[in-house]
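Examination of the molecular architecture
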Amino acid sequence: MGEFKVHRVRFFDYMPAAIRAMAFNAHTERLALGRMDGSVEIFNFADHYFQEKVIPGKDSRSIEALCWVGGRLFSAGLNGEVTEYDLESLRPKYSLEAYGGPIWTITSNSQGAHLAIGCEDGTVKLFEVLEESIQFERNLDRQKGRILSISWHPSGAQIAAGMMDMIRVFDVPTGRAVQRLLVDRGFGGSKSRETVVWSVVFLSDFTIISGDSAGKVQVWDGHTGTLVKTHLVTKWDVLALSVSKDESSVVAGTSEGTVIQFQFIAPTLQQQDKEWVRTRTFKNHTHDVRALAEIETAIVSGGMDTQLVVRPLLEKFDERSHASALRKIHFPHRNLVFCAKKAGLLLFQFPGQLELWRLGESDGHGKPGDSLPLKRKPEKLLHLKRKGEDHICCSALSSCGGWLAYSTMSSVRLYRLQTDNNDISITKVPKLPKVLRSAHQLCFSSDSSKLFAASSQSSVLVIALSQSECKYVHTLKPKSGSRQPIHLMTNSVDGKWLSTANSDCEIHVYNVQKLKLHCIVPVYGSCPSAMGIHPTTNNLTMVHADQQIFEYSIVEKQYTDWSRKLQKQGLHNLWLDRDTPVTHVTFNPKNPEQILLHDMHMFCIIDQSLPLPDQKTQFYNQMTLRSLSEQGRPSHLHAFKICKTFQDLLSVSLLDDQSLVMVERPLLAITSQLPAPVRQKKFAT
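We now turn to the structure provided with this report. (Residues numbered from 1 in each chain as written. Predicted model: local features only at pLDDT ≥ 70, side-chain atom pairs only at ≥ 80, totals over all residues. Heavy atoms only, no water.)

Here we look at the sheet that holds strand β6 (residues 65-69)
By definition, the strands of a sheet pair up through backbone hydrogen bonds, in either a parallel or an antiparallel sense. With antiparallel pairing, the four strands of this open sheet are ordered in space as β6-β7-β8-β9. Among the strands making up the open sheet, the edge pair consists of β6 and β9 (91-97). Direction aside, the axes of adjacent strands within the sheet are offset by 25° on average. As paired elements, β6 and strand β7 (residues 72-76) share five bridges and run antiparallel to each other. In the strand pairing of β7, Cys67 is matched with Phe74. (Pairing = 2+ DSSP bridges. Helix = DSSP H or I, 4+ residues; strand = E, 2+ residues; numbered from the N terminus. Axes fitted to C-alpha atoms, helices over the stretch in contact; angles between N-to-C directions.)

Topic: the sheet that holds strand β32 (residues 353-358)
With antiparallel pairing, four strands are arranged side by side in an open sheet as β30-β31-β32-β33. Lying at the two open borders of the sheet, with one neighbouring strand each, are β30 (337-340) and β33 (379-385). Sheet twist, expressed as the average angle between the axes of neighbouring strands with direction ignored, equals 20°. Pairing between strand β31 (residues 345-349) and β32: five bridges, direction antiparallel. Within the sheet, the bridge partner assigned to Leu347 lies in β32 and is Leu356.

Looking at the pattern of salt bridges
Going through the model one piece at a time under the given rule, you end up with 20 salt bridges. Here Asp13 and Arg665 are joined by a salt bridge, their closest N and O atoms 3.7 Å apart. Here Asp13 is found in the loop between β1 (5-9) and β2 (19-25), whereas its partner Arg665 is found in the loop between β55 (659-664) and α4 (667-672), with 652 residues between them in sequence. We classify Asp13 as partly exposed; its relative accessible area is 45%. Of the charged contacts in the structure, one is a salt bridge between Lys229 and Glu275, with a shortest N-O distance of 3.0 Å. On the criterion of sequence distance, the pair formed by Lys229 in strand β21 (residues 226-232) and Glu275 in strand β25 (residues 275-283) is long-range, its members being 46 residues apart. Taking relative accessible area as the criterion, Lys229 reaches 32% and is therefore assigned partly exposed. (Salt bridge = Lys/Arg side-chain N within 4 Å of Asp/Glu carboxyl O. Buried < 20%, exposed > 50% of the residue type's maximum accessible area, 1.4 Å probe, protein only.)

Some thoughts on the state of the cysteines
For the coordinates displayed, the defined rule picks out zero disulfides. With no disulfide of its own, Cys67 has Cys119 as its nearest cysteine by sulfur position, at a separation of 14 Å. Free of any disulfide, Cys394 has its nearest cysteine sulfur in Cys393, 4.2 Å distant. Taking relative accessible area as the criterion, Cys394 reaches 3% and is therefore assigned buried. (Disulfide = S-S within 2.5 Å.)

A word on empty space enclosed by the protein
For the structure shown, the criterion picks out four cavities of 30 Å³ or more. The space that makes up the largest cavity amounts to roughly 160 Å³. Lining the largest cavity are 18 residues, with Phe331, Pro332, His333, Thr580 and Met600 sitting closest to its centre. Counting only elements with at least two residues in the lining of the largest cavity, the list comes to β29 (327-329) and β54 (649-654). Ranked by residues supplied to the lining of the largest cavity, first place goes to β29 with three residues. The residue inventory of the lining of the largest cavity, partitioned by class, reads seven nonpolar, six polar and five charged. In this structure, the second largest cavity is lined by His48, Tyr49, Arg327, Ile329, His333, Ala545, Gln547, Arg578, Asp579, Thr580 and Pro581. (1 Å grid on protein atoms, 1.4 Å probe; cavity = no way out; pocket = protein on both sides within 12 Å on 5 of 7 lines; lining within 4 Å. Points joined across faces, edges and corners; volume = space filled by probe spheres on them. Nonpolar A, V, L, I, M, F, W, Y, C, P; charged D, E, K, R; others polar.)

Below, the structure is given as structure tokens:
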């Protein structure tokens, strides 16, 4: 596999924000996820659950609920505003004040013509959805007490609204409240506390299902306003409900971290009449389940423990396969760590600040696997806070460690760094070109003479850097006319080539010296998750969300022989069955045959000089190779050398001194920073 000195970095205190809301678009198979810090993430469930877009948060933005209308995404929050997002420029398109105080919920009717929001002042407000915006239409009858949850009847004629101690049913054409459903308070000492109806679902047969703070899931007859059945599922709160498309199943999320499924079935074989029966309980979370979506083949959940869980429903699959496996998404599918390979510096990106660290040093020598004593400990050189309310969306550090840049939705900032032994000085570059307003991705050329900024409509701004000034040079534009944002950008060591990838799965290669488009890589159906340009051959290596690997010769404008051979033979099933995408590709200049890449759970070196593994080959063969003699090893060698010693990986880089930098963020460290979960009685305590 090759021997490297490894810097094992665990001082990046990455802490994802809790999940607050989600909405699934069945037509496009996109899941929108809202977090407590106001950021929105878009996952493509048709492409191996890849996180294809991130809209950064803002200090003043609050997200309580999300809602799709066609391909448009809306959110509402406690700041009292309804926001529509521009999914091409990855920013809010506009925000509209609702004038009803904090907004607790937002939902659309099945026709997609109207939005309904529930406000603190007791009003349900209707907005008409226009082509470019939304427009306030009217209020329904005002109630005493806040509106916490809303559900439209599929016909659009009625709305059920969850409040304190009751559910109101409104007739939409007249705006009148036609039913009042009183919700029982809890048992024992909780009888004195108001019951909060956190979630409500209105089915096409006029059944209303509610979840409340007394731990009950209740089934109501919407025609008569009577209670049909009560399921007491927890001593704590039922926070979220979601119904399947065919209305045969409802799932409930609780404060205990459980997800409980109810199905509309006959309770016994002898009975013909169907009713809502509690059927299954899933325990994949440690804390509150705040957001739920039941999609065609799975239950998707998220909450305070920050992870997104996709729990497949096994009855929807004919046989157990990779598609029916449980998935947990912990880390973003993009880089938050940047390495200055020449200077031995690391840049960590947080929503509110950047941290610059110098790696530690060791002069010790030892056997493989030994921990070496530190001569100099890692040192935090810089803590740079962002300006304004907008969160940082991307950043970059030059390989020499002399330049640092970051972008928010409203501005780009560039800094000059100078480090002497223990001192560091930082100088803000005062006047940036006016075209450089914001960027989706930033990247410095290897000689630090240029800054590349991914702008709108898949274009790239080229900025020339010098000690005295920075100057706009050119805008590189794709011929495809794509309006999707760039999510990956990499350049070659010789400074000649720049490659970009966007959400339309397009990969463009530009000639930086001639400042024009060189070629477009043949479009593959899965989104690229990582790519890199080889330092000697200038071949572009691409890894996609479905784990496929391609190598493309930029000079010859065609796939390489090795890539064709790999695609012809096919990748090993154990490689394809991995459930986290490769997020970084780099190369070993001392051994041009080696490609280094990693995902969350493993680090891999692909040696192109060795034979490719077929399906009968033992894929994870490191332990076997260690037990064999020197003579017996060659027959068991294959190109994929995988190391699982390092877990929960955020980044892997190879420094110029041939040492590896492994940035780990143990999930246990994230869990330890979460607030305490609700108390649960355990056996014998």
